[in-house]
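# Topology and contacts: notes
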Amino acid sequence: RDDLELMIMATPTLVWFLLFSFLPMLGVLIAFKNFHISGGGFINSFLNSPWVGFKNFEFLFSTNEAFTITRNTLLYNLCFIVLDVAVPVTFALMLHEIRNRRAAKAYQTILFLPYFLSWVVVGSFLYAFLSPDKGIINHMITQSGGTPVSWYTNTKPWPFLLIFIRTWKEMGYGTVIYLASLAGIDTTFYEAAVIDGATKWQQIKRITLPCLKPMMIVLTILAIGRIFYADFGLFFQLPRNSGPLYPATQVIDTYVYRALKETGNVGMAAAASLYQSIVGFVMVVGANLVVRRIEPDSALF
């Protein structure tokens, strides 16, 4: 009764989650069916589709590309996890030390703007640089007397390109999060450190980084939970679906998308999604257990 007003205010959000988050979870059963659209709508198609057990999961592990897509997904995400901590924290520390607030806000805005760009737009910009015939980089190479590079058939530079562009696009969001955490640090810590003669590096090492550590751990745990997911736009739009680049750019999400386009098997896509969700759940729980044993106060739950 005391919280009646708050419960009424929360009701629309609760209904939204029930309709769009919990109710669709019944769709995981499609992963165990040979789903085909038939007359009578989706529900009728779902009920009439035959059960096939774990057969839909076989396509992820039985093909020759199973090792490649798993390796690429894991290695790229491991790089992203490390860079999503190191780069935003570094920029947040630098912005936090700028005394001119207008300059700090301007730099913060410049860092944050790429986050709002669509991967389609970023892919178009990249193509303007790497286009085989009209690309800016190849034009500079030919003007210097060199031989143009076929960027969209050469796999060697793409791991670096994907990691660099993804870090450039996403680092602004992480920087804002860590800047908000820095703003919450009690300034008396720094005042006491200055009185004790601590240098700027000692203040960062002994005060700033320990205060940021809980946020860094929480974001890392959440990122580990998505280690078997890949940013579809990043791995599909930037390489422009170039077949010769598949060994370097093919990940689970793009593989499932291409398989769905070719076969139309919705059950396979549902099986891949369920597999990613289960692995992500296990990874989050496992990472949280490790953190809780080492530093209980920084655990997510």
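Notes on the structure follow. Just so you know, these numbers come straight off a predicted model, no measurement behind them. (Residues numbered from 1 in each chain as written. Predicted model: local features only at pLDDT ≥ 70, side-chain atom pairs only at ≥ 80, totals over all residues. Heavy atoms only, no water.)

## Some remarks on the overall build of the protein chain
Helices and strands together make up the secondary structure of the protein chain, namely 14 helices and zero strands. Taken over the C-alpha trace, the protein chain has a radius of gyration of 24 Å; the compact-globule value for 301 residues is 19 Å, which it surpasses by more than 25%. Counting only C-alpha atoms and orienting by the principal axes, one finds that the protein chain spans roughly 80 × 75 × 35 Å. Relative to its full complement of 301 residues, the protein chain shows a buried share of 36%. Partitioning the contacts of the protein chain with sequence separation of at least 6, the portion at a separation of at least 24 is 67%. Of the roughly 18,300 Å² that the protein chain leaves accessible, carbon and sulfur atoms contribute 68%. Counting 22 positive and 17 negative side-chain charges, the protein chain places the averaged centre of each group 7 Å from the other. (Helix = DSSP H or I, 4+ residues; strand = E, 2+ residues; numbered from the N terminus. Rg over C-alpha atoms; globule rule 2.2 N^0.38 Å. Buried < 20%, exposed > 50% of the residue type's maximum accessible area, 1.4 Å probe, protein only. Contact = heavy atoms within 4.5 Å. Areas by Shrake-Rupley, 256 points an atom, 1.4 Å probe, with all protein chains shown as cover. Lys, Arg positive; Asp, Glu negative; His and termini not counted. Charge placed at Lys NZ, Arg CZ, Asp CG, Glu CD.)

## Describing helix α5 (residues 101–112)
One turn of the α-helix equals 3.6 residues, which is why residues spaced by three or four share an orientation. Taking 1.5 Å of rise per residue, twelve residues should cover 16 Å, and α5 covers 16 Å from first to last C-alpha, within 8% of that figure. A side-chain oxygen of the first residue of α5 lies 3.1 Å from the backbone nitrogen of Arg-102; this N-cap is Asn-100. (Expected span 1.5 Å × (residues − 1). Polar contact = N/O pair within 3.5 Å; in protein donor to acceptor, adjacent residues only side chain to side chain.)

## Regarding the packing of helix α10 (residues 200–224) against helix α14 (residues 266–294)
With their axes 8 Å apart at the nearest point, α10 and α14 run at an angle of 150° to one another. Between α10 and α14, the angle is such that the two are roughly antiparallel. Once α10 is placed against α14, the crossing between them reads as right-handed. Residues Ile-217, Ile-221 and Ile-224 of α10 form the contact with α14, whose participating residues are Met-283, Val-284, Ala-287, Asn-288 and Val-291. Residue classes in the contact of α10 with α14 are distributed as seven nonpolar, one polar and no charged. (Axes fitted to C-alpha atoms, helices over the stretch in contact; angles between N-to-C directions. Parallel < 35°, antiparallel > 145°, perpendicular 65-115°, else oblique. Left-handed = near helix turned anticlockwise from the far one by under 90°. Nonpolar A, V, L, I, M, F, W, Y, C, P; charged D, E, K, R; others polar.)

## What to know about a nonpolar patch on the surface
Nonpolar side chains collect at one region of the surface, where Leu-14, Val-15, Trp-16, Phe-17, Leu-18, Leu-19, Phe-20, Phe-22, Leu-23, Met-25 and Leu-26 lie side by side and expose about 1,200 Å² of accessible area between them. Considering the arrangement of structural elements, one finds Leu-26 in the loop between α1 (4–22) and α2 (41–48). With a relative accessible area of 55%, Leu-26 lands in the exposed category. (Patch = residues over 30% accessible without salt bridge, like charges linked within 9 Å, V, L, I, M, F, W, Y side chains within 5 Å. Salt bridge = Lys/Arg side-chain N within 4 Å of Asp/Glu carboxyl O.)

## Thoughts on the nonpolar core
In this structure, Tyr-76, Trp-158, Phe-235 and Leu-238 are the most contacted members of the largest nonpolar core, which totals 20 residues. Secondary-structure elements contributing two or more residues to this core are α4 (66–97), α6 (119–130), α8 (158–183) and α11 (232–237). If one sorts the elements of this core by residue count, α8 sits on top with five residues. Beyond its immediate chain neighbours, meaning those up to four positions away, Phe-235 contacts Tyr-76, Phe-80, Leu-162, Ala-230, Thr-249, Val-251 and Thr-254. (Core = buried A, V, L, I, M, F, W, Y, C linked by side-chain atoms within 4.5 Å.)

## What to know about the pattern of salt bridges
Within the structure shown, the criterion is met by five salt bridges. Two residues, Arg-166 and Asp-84, come together in a salt bridge whose shortest N-O distance is 2.6 Å. One end of the pair, Arg-166, is in helix α8; the other, Asp-84, is in helix α4, with 82 residues separating them in the sequence. One salt bridge in this structure joins Arg-99 and Glu-97, with 3.7 Å as the shortest N-O distance.

## Topic: the side chain of Ser-45
Inspection of the secondary structure assignment puts Ser-45 in helix α2. In this structure the side chain of Ser-45 is engaged in a polar contact, spanning 2.9 Å, whose partner is the backbone oxygen of Gly-41. Not counting residues within four places of it along the chain, the set of residues in contact with Ser-45 comprises Phe-35, His-36, Ile-37 and Ser-38.

## Some words on unusual backbone geometry
The phi dihedral of Arg-240 falls on the positive side, at around 60°, and the residue is not glycine. Considering the arrangement of structural elements, one finds Arg-240 in the loop between α11 and α12 (246–249). You will see that Asn-241, though not glycine, has its phi angle at about 55°, which is positive. In this fold, Asn-241 is placed in the loop between α11 and α12.

## As for the packing of α4 against α10
Across the interface, α4 lies against α10 with an axial gap of 10 Å and an inter-helix angle of 140°. Comparing the axis directions of α4 and α10 gives the class oblique. Relative to α10, the crossing made by α4 is right-handed. Every residue of α10 that contacts α4 at Ile-81, Val-85, Val-89, Leu-93 and Glu-97 is listed here: Lys-200, Ile-204, Thr-208, Leu-209, Leu-212, Met-216, Thr-220, Ala-223 and Ile-224.

Treat this as a map of the structure, not an account of what it does.
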